[in-house]
Number of protein chains: 6
Amino acid sequence: MAAIDISQVLIEALPYIQRFSGKTIVIKYGGNAMTDPGLASAVAQDVVLMRCVGMNPVLVHGGGPQVSAWMRLAGLEARFVDGLRVTDEPTLEVAEMVLAGKINKELVRILNEHGGSAVGLSGQDGRLLVARQLTHPPGLGLVGEVTAVNTSLIQELTRAGHIPVIATIAAGAGVPGYNVNADTAAGAVASALGAEKVIFLTDVAGIVRDGKVLGQLEAAQVLELVQQGVISGGMMPKVEACLSALQAGVPRAHIIDGRVPHSLLLELFTDRGIGTMLLP
Amino acid sequence: MAAIDISQVLIEALPYIQRFSGKTIVIKYGGNAMTDPGLASAVAQDVVLMRCVGMNPVLVHGGGPQVSAWMRLAGLEARFVDGLRVTDEPTLEVAEMVLAGKINKELVRILNEHGGSAVGLSGQDGRLLVARQLTHPPGLGLVGEVTAVNTSLIQELTRAGHIPVIATIAAGAGVPGYNVNADTAAGAVASALGAEKVIFLTDVAGIVRDGKVLGQLEAAQVLELVQQGVISGGMMPKVEACLSALQAGVPRAHIIDGRVPHSLLLELFTDRGIGTMLLP
Amino acid sequence: MAAIDISQVLIEALPYIQRFSGKTIVIKYGGNAMTDPGLASAVAQDVVLMRCVGMNPVLVHGGGPQVSAWMRLAGLEARFVDGLRVTDEPTLEVAEMVLAGKINKELVRILNEHGGSAVGLSGQDGRLLVARQLTHPPGLGLVGEVTAVNTSLIQELTRAGHIPVIATIAAGAGVPGYNVNADTAAGAVASALGAEKVIFLTDVAGIVRDGKVLGQLEAAQVLELVQQGVISGGMMPKVEACLSALQAGVPRAHIIDGRVPHSLLLELFTDRGIGTMLLP
Amino acid sequence: MAAIDISQVLIEALPYIQRFSGKTIVIKYGGNAMTDPGLASAVAQDVVLMRCVGMNPVLVHGGGPQVSAWMRLAGLEARFVDGLRVTDEPTLEVAEMVLAGKINKELVRILNEHGGSAVGLSGQDGRLLVARQLTHPPGLGLVGEVTAVNTSLIQELTRAGHIPVIATIAAGAGVPGYNVNADTAAGAVASALGAEKVIFLTDVAGIVRDGKVLGQLEAAQVLELVQQGVISGGMMPKVEACLSALQAGVPRAHIIDGRVPHSLLLELFTDRGIGTMLLP
Amino acid sequence: MAAIDISQVLIEALPYIQRFSGKTIVIKYGGNAMTDPGLASAVAQDVVLMRCVGMNPVLVHGGGPQVSAWMRLAGLEARFVDGLRVTDEPTLEVAEMVLAGKINKELVRILNEHGGSAVGLSGQDGRLLVARQLTHPPGLGLVGEVTAVNTSLIQELTRAGHIPVIATIAAGAGVPGYNVNADTAAGAVASALGAEKVIFLTDVAGIVRDGKVLGQLEAAQVLELVQQGVISGGMMPKVEACLSALQAGVPRAHIIDGRVPHSLLLELFTDRGIGTMLLP
Amino acid sequence: MAAIDISQVLIEALPYIQRFSGKTIVIKYGGNAMTDPGLASAVAQDVVLMRCVGMNPVLVHGGGPQVSAWMRLAGLEARFVDGLRVTDEPTLEVAEMVLAGKINKELVRILNEHGGSAVGLSGQDGRLLVARQLTHPPGLGLVGEVTAVNTSLIQELTRAGHIPVIATIAAGAGVPGYNVNADTAAGAVASALGAEKVIFLTDVAGIVRDGKVLGQLEAAQVLELVQQGVISGGMMPKVEACLSALQAGVPRAHIIDGRVPHSLLLELFTDRGIGTMLLP
């Protein structure tokens, strides 16, 4: 590449680095970006770069398919109601084990291999996520909704230069814990931390209408698109988490394409952006 | 109990509280104390009390039997050489998942239920345990020996009032990680932290000769007992970890009976002590 | 004592240690607990233990009988109006000397002998107690009521790990100082410090009706008992100091039996409590 | 006074203020400067000014005559060996009471009346002076020599803007305390604090030979003057304390005339100095 | 001078040192005090003394005549409207160069020669003065009025013990900078810093009526004197800066005679004061 | 540019950002990069980017030609001995004025326009550069060599997030100041700060032999090239400053081509580097 092109990229990144310096960015990590080793490695580089230029990235992840696989090995049957996993105690045990002990630690390792200092946590650690039972739909068992985010542990870690990586098992009262939806948890973490942005890494190009990605939407427009059925299915929990984060004071929520390598970088450090940005 | 007896216990504890205030105590957690819910709950109370009176307890744990159980479910065969688990990549994945995602988080939850603020970590987190391959005996695969303990993360957590709980998977170079012996790791953590004591919770009453627990032994005496065959078998790794910690400057190492409820308390806060204390 | 009993006492103390950690407890020291060497030693142990488990004890004391004795030696006559010592300048000089130079330093010495780091102060030091003349009853001379507590000196000392011990001579304007009632001063110190509790060590079992100690009373109930004459005499200044502290935001005030060894410990660290607790 | 003279005085003081800013100056307070109210008030102004311009003054005082007076009232006989008070337990009690409760608190009050924030302490407080029995001459009883100065309490107080005022009763082991010579204690405090100067306020003009005050002397010259008998009697303990402080690394020791009002100011802030300065 | 006179001066200064300790004093430096080397040296001594006794002096200066001289050398013509310099880009360049590179650095050097640690700045440094174009009178070009004072740089420097010296060129938007009136800038700096005082060093004795300096005036009285024509001409910008500072919360503004050596000292450290003090 | 190329540039920069984070980089600014507005603006962007990604850039500059121009206007004749400007007092005055008031403030303004917070200083400020007279060659007058760099002011500013910009006029003893060579001063500042690198922005491509830029040279090789006459003339002071900085412990010195836009960026953030790097 020509020297002039290199400088141009770096200089184009400068105002973004300035704007986001010292700001918290919560990233919901999932989909192909998590399961494809090449994409995972690119995300790790992006996150380490974010940290290096002064941002405070915080990662939140779930991991549905791998939980189901280990449940099968343990002789447990995976059942879902409205897309939410019915969770009894043995299921919770497997979910926590797979999320906090396998997916979480793999992500920690990749981040550290790229020079970061990641620290993996579940919501049980320092009781950083506290939840109560989700009652609608009924019959889900130990599925919870986040009622409190204990931000001090996360802030201690970011202040010391670490990258927190959070598996979405929450602490509860009188139960061994709760399984919480990772999209919703990411939104809750973002608003509790006063984050500048929450970014959802997904397997779609963004919110699409008539085959075109919509670059920017206000909350009111999003609600219309939901009513019109343009937004539906698997996109719903992400959009709901976005809206709830915006309402709780997070200034920007992004749905970006995790299948594009370095999509985080392109979103954060270039003029073009990528995917759909949601505003209050 | 009579008021006079209550006061006597508390007053007897006073000099121990003073002596250990601000000191780091590393506890190797294992055996019945880990698998029996009642004992586990008592250990949690003891550790939370330690924290409350100003000590910095750090827990280190393994979890062999549960790893083997999940290996079986995953269709992997558990093999051992000299008591050490032969560890290929699939085995390591299961070991990390079970240690860091299951045993670790259960312990975190129990500690938090008793009012602590525990944070569970594996050696991958912040690369707090770094290891290289163990070459003797050969053929063990991804079994490592600790070469560095990155104490800053542990110290940040203890300074902020948390109780670190460490699963003994270590980071490595060019490999996904290493399985390390929890006894040895506890000794390494204790010496890296400049701990005041390392305490091994075991399923025996201490080092025993002629049916009697030996209350106190110097390193030289221990070596003699090994040569005489008084110390052997499963006690060897613990004794070696003790000796290595003593040599690295930890002033006291204890082998105590985890089957006795609150044995930690009795060891730390009473004149009588319990089990065997090893001195340099 | 059986090991099980020892553990039980310590574990019973745990929630109290947690609840009071970092909290300020003001203790009005007086009566037999001050003059009986055995009791004084037990109080010192209790206070040092409080400090060791993270509380911030602050002691406030008077010392009437010893002041009168030294006045006699100096050829001064002790006179009282409504139980308050008529205080001219020579009397004040003797009172300050005996309180700040004798009783205060003895208490400091005993606390230090039990491993504390006590620092003795009078209200003149750093002008930590400021008073104006008490005008009712008239004719008392240099008897004052506290108008300001300069908490910064006390807080610097507690933050540095010391135990402040305060003799109740106050600074004034245009006079060499004021003699202030120690019960009242203890209440004023407690409310200025935002203390969690103020505890009066007395020579009675608590507030008694029909031969029975009343375990707990609300402020309104106390006022009734005063009107009924159940509370009267020497108990009045203590009760008034309690009520005034409760009104100024101190959550709990205790009148306990200083003649029982370690009564402070029993009150603070056990489920049974001791004496009478007053609530707002 | 003419404006030009006023400016000249202030400007002459400037280099001294710069030189001593942040430095510790230990002042042995005694003699007329302590007993004459006008002189005491002038000393207080000087010390408060020192503090205001950034120095850390620390006062050390004894108070022999007043101790003897109160001993008489208490029916105790004052006896001296080699100028040192024979001290049994009742004598120590009176000495501590008079020094720490009367002289100390009077000085605290005067300093505070001039805008300082003085805090009076005895060597028992925070065990800031620790002594062992003085064995030569024999038969002195509880007369001690300082073996340790616990500087942390003094430094905490100076750092927080206070002026420590120290009565020279020391803590001991197995005894209620020790009476220590104030001159010697001042030297010990100065060297423990790494003071810039120790200044002895005396009732003489300085070290005098042939009717002339010697402005400056090196340690070797002082020893000669002692051998020649030019220095003797009551000057000896001061000179010995000076020499011992110089030897322990205090750069300057001063013997100045406390009978001259504001002699401290003249010594510290003017080109002329006053009294005798001793150098290593 | 007699010792007694020396002490008197220092003791008279004590309450002023106490009152102003830690307080910010902004000094508008100009007139003879700036151009006469002897007076400049005396001002430097005064300012260094202020710093030494704990005040935070901040100097603000202009330098009209020297700017005009260098403009002539550069072939530029100096033009004024309503006493304000018409400022095109070449004029601004010369003004910045002379103010920030010559007058500023000379003052820094003199302060440092007297033991201070002065740091010279223009309003461009850290954008500490931000201005917008002054529109009345029209036609002034790059003459600005201060819209923001970025106090953090000034405070960092004072906290580290330095004396900030500020040349009154301001940063602007879309222009190379603005020339701002030094009197007005001093007032703006004083109110932004929450200064205790702003002092104008002038070439007059103060505000004079009927040949007599008025020692003290309230804002309302000042306005009357302006209406009566008693205050007019070159005194107007100073008086306006004073009034604006008072209105913005600065408690005291002083107009003093910079032709009297050490007039700052006399104003700050003596009972007599000097010049005119303006109150809100 | 393609998204993939953008990511590649940013990811290539990552290890350099990590390596230099928190490190001090001293940049000698001069030549075309200073006089060409487009290049100056590019340098400013580069420096602000360095700061944003966690480096501590410190700029050092001279400004010969502009000093000579203003000397002419002031009627002074510019004379040189061995390439060094003969400096009498009037010359020094002009030099300080032009360097510290004109060039320095322009650079500050450009840096701030690109989002930095630059603070311009001369060596007089906080006496950050102290020099003595240069005696070889004789007859240079107020030309100095740096004897001390007072790093505390620079470090306070960088710690607070500012970019120090230093004009090379030094403080002296008994003289108004010294003119010091900017190349040499940059080397002295780099070694005093423990800088990671010193970078000379020049008007050449680097050290050239046989028409080819030498990418990397050790100190010994440089000396050979000097002896062979390959390095000579205007390159000599730069090379000498490099060697002296290397000898004083700066690990790397760079001579790069300031005529290439963003040459700083290319040197610091890409694998290719630019110009000549000198190693110890």
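Analysis parameters
- Residues numbered from 1 in each chain as written.
- Chains lettered and ligands numbered in written order.
- Predicted model: local features only at pLDDT ≥ 70, side-chain atom pairs only at ≥ 80, totals over all residues.
- Heavy atoms only, no water.
- Helix = DSSP H or I, 4+ residues; strand = E, 2+ residues; numbered from the N terminus.
- Rg over C-alpha atoms; globule rule 2.2 N^0.38 Å.
- Buried < 20%, exposed > 50% of the residue type's maximum accessible area, 1.4 Å probe, protein only.
- Contact = heavy atoms within 4.5 Å.
- Areas by Shrake-Rupley, 256 points an atom, 1.4 Å probe, with all protein chains shown as cover.
- Arc of directions from axis to C-beta.
- Least-squares fit on C-alpha atoms with pLDDT ≥ 70 in both.
- Polar contact = N/O pair within 3.5 Å; in protein donor to acceptor, adjacent residues only side chain to side chain.
- Pairing = 2+ DSSP bridges.
- Phe/Tyr/Trp six-rings, centres within 6.5 Å; stacked < 30°, edge-to-face > 60°.
- Buried area = accessible area lost by both parts, 1.4 Å probe.
- Salt bridge = Lys/Arg side-chain N within 4 Å of Asp/Glu carboxyl O.
- Core = buried A, V, L, I, M, F, W, Y, C linked by side-chain atoms within 4.5 Å.

Colleague: Provide a residue-level description of the overall build of chain A, including the pertinent values.
Modeller: Counting its secondary structure elements, chain A contains 10 helices and 15 strands. On C-alpha atoms alone, chain A measures out to a radius of gyration of 18 Å, which is about the 19 Å that the 2.2 N^0.38 rule sets for 280 residues. In terms of overall dimensions, chain A has a C-alpha envelope of 60 × 45 × 35 Å along the principal axes. With 280 residues in all, chain A has 59% of them scored as buried. Across chain A, the fraction of contacts at a sequence separation of at least 24, relative to all contacts at a separation of at least 6, is 73%. Of the roughly 10,000 Å² that chain A leaves accessible, carbon and sulfur atoms contribute 50%.

Colleague: If you had to explain helix H6 (residues 151-159) of chain C to someone new, which residues and values would you point to?
Modeller: Regarding H6 of chain C, the residues found buried are Thr151, Leu153, Ile154, Leu157 and Thr158 of chain C. Buried residues along H6 of chain C cover an arc of 160 degrees about the axis, so they all sit on one side.

Colleague: Can you explain the relation of the copies chain C and chain B? Please cite residues and give values.
Modeller: For these two chains of identical sequence, chain C goes onto chain B by a turn of 180 degrees and a shift of 0.0 Å along the axis, with RMSD 0.0 Å. Taken together, the rotation angle and the small translation identify this as a two-fold axis. It is Val53 of chain C whose C-alpha, among those of chain C, lies nearest the rotation axis, at 2.1 Å. Residue by residue, 100% of the interface of chain C is reproduced at the interface of chain B, so both copies engage with the same surface.

Colleague: Tell me about the side chain of Thr158 of chain B, and name the residues and values.
Modeller: Residue and element names in this part refer to chain B. Looking at the secondary structure, you find Thr158 in helix H6 (residues 151-159). Judged by relative accessible area, Thr158 falls into the buried class, the value being 11%. At a separation of 3.1 Å, a polar atom in the side chain of Thr158 contacts the main-chain carbonyl oxygen of Gln155.

Colleague: Please provide a residue-by-residue account of unusual backbone geometry, values included.
Modeller: Cis geometry is found at the peptide bond from His136 of chain C to Pro137 of chain C, where omega equals -5 degrees. Summarising the element assignment, Pro137 of chain C is placed in the loop between strand S6 (129-133) and strand S7 (144-149). Even without a glycine there, the phi angle at His262 of chain B is positive, about 60 degrees.

Colleague: Before we move on, can you summarise the arrangement of the chains with the specific residues and values?
Modeller: With respect to C-alpha atoms, chain C approaches chain E no nearer than 16 Å, and the pair has no contact. Regarding chain B and chain F, which are not in contact, the minimum distance between any of their C-alpha atoms is 16 Å.

Colleague: Tell me about the pairing of strand S2 (residues 56-61) of chain E, residues and numbers included.
Modeller: All names here are of chain E. Where burial is concerned, most of S2 is hidden: six out of the six residues are buried. On S2, burial covers both faces: Asn56, Val58 and Val60 on one face and Pro57, Leu59 and His61 on the other are all buried. Relative to strand S8 (residues 163-170), S2 runs parallel, the two being bridged by three bridges. Considered in S8, the bridge of His61 is made with Ala167.

Colleague: Outline the packing of aromatic side chains, supporting the account with residue identities and numerical values.
Modeller: One pass over the full model with this rule turns up three aromatic pairs over all chains. Between the aromatic rings of Trp70 of chain A and Trp70 of chain B, the centroid separation amounts to 6.2 Å while the plane-to-plane angle is 55 degrees, which identifies the pairing as tilted. Of the two residues, Trp70 of chain A sits in helix H4 (residues 64-73) while Trp70 of chain B sits in helix H4 (residues 64-73), which places them in two different chains.

Colleague: Requested: an account of the relation of the copies chain E and chain F, with residues and values cited.
Modeller: For the pair chain E and chain F, the best superposition has an RMSD of 0.0 Å and corresponds to a rotation of 180 degrees with a translation of 0.0 Å parallel to the axis. Comparing contact sets, 100% of the residues at the interface of chain E also lie at the interface in chain F, consistent with an isologous, same-surface contact.

Colleague: For the interface of chain C and chain B, give the residues involved together with the corresponding values.
Modeller: On the chain B side, the residues contacting the 30 residues of chain C number 30 residues. Summed over both partners, the interface of chain C with chain B buries about 2,600 Å², with 78% contributed by carbon and sulfur atoms. Counting across the chain C and chain B interface gives zero salt bridges. Where chain C packs against chain B, one counts four residue pairs in polar contact (both at pLDDT 80 or more). Those elements giving two or more residues to the side of chain C that touches chain B turn out to be helix H1 (3-20), helix H3 (37-52) and helix H10 (263-269) of chain C. A total of 12 residues in the side of chain C that touches chain B trace back to one element, the largest contributor, which is H1 of chain C.

Colleague: I'd love a proper account of the interface of chain E and chain F, names of residues and values included.
Modeller: Taken residue by residue, the interface counts 32 residues in chain E and 32 residues in chain F. A buried area of about 2,600 Å², summed over both sides, lies between chain E and chain F, and 61% of it is on carbon and sulfur atoms. Ranking the residues of chain E by area buried against chain F places Met97, Lys105 and Arg109 of chain E at the top, with a combined share of 22%. At the boundary of chain E and chain F, one finds four salt bridges. The shortest N-O distance in the salt bridge between Asp125 of chain F and Lys105 of chain E comes to 2.6 Å. Inspection of the region where chain E meets chain F yields 12 residue pairs in polar contact (both at pLDDT 80 or more). Going through the elements one at a time, helix H4 (64-73), helix H5 (89-113), strand S5 (118-123) and helix H6 (151-159) of chain E are the ones with two or more residues in the side of chain E that touches chain F.

Colleague: I'd like to hear about the pattern of salt bridges, residue by residue, with values.
Modeller: If you walk through the whole model with that rule in mind, you get 54 salt bridges over all chains. Taken together, the shared-partner salt bridges connect Lys28, Asp183 and Lys238 of chain A into one network.

Colleague: Now, about the nonpolar core: what can you tell me, with residues and values included?
Modeller: If you look at the biggest cluster of nonpolar residues, it comprises 588 residues, and the most contacted ones within it are Phe269 of chain A, Phe269 of chain B, Phe269 of chain C, Phe269 of chain D, Phe269 of chain E together with Phe269 of chain F. The residues contacting Phe269 of chain F, other than those within four sequence positions of it, are Leu10 of chain A together with Glu12, Ala13, Tyr16, Ile17, Leu49, Val53 and Met55 of chain F.

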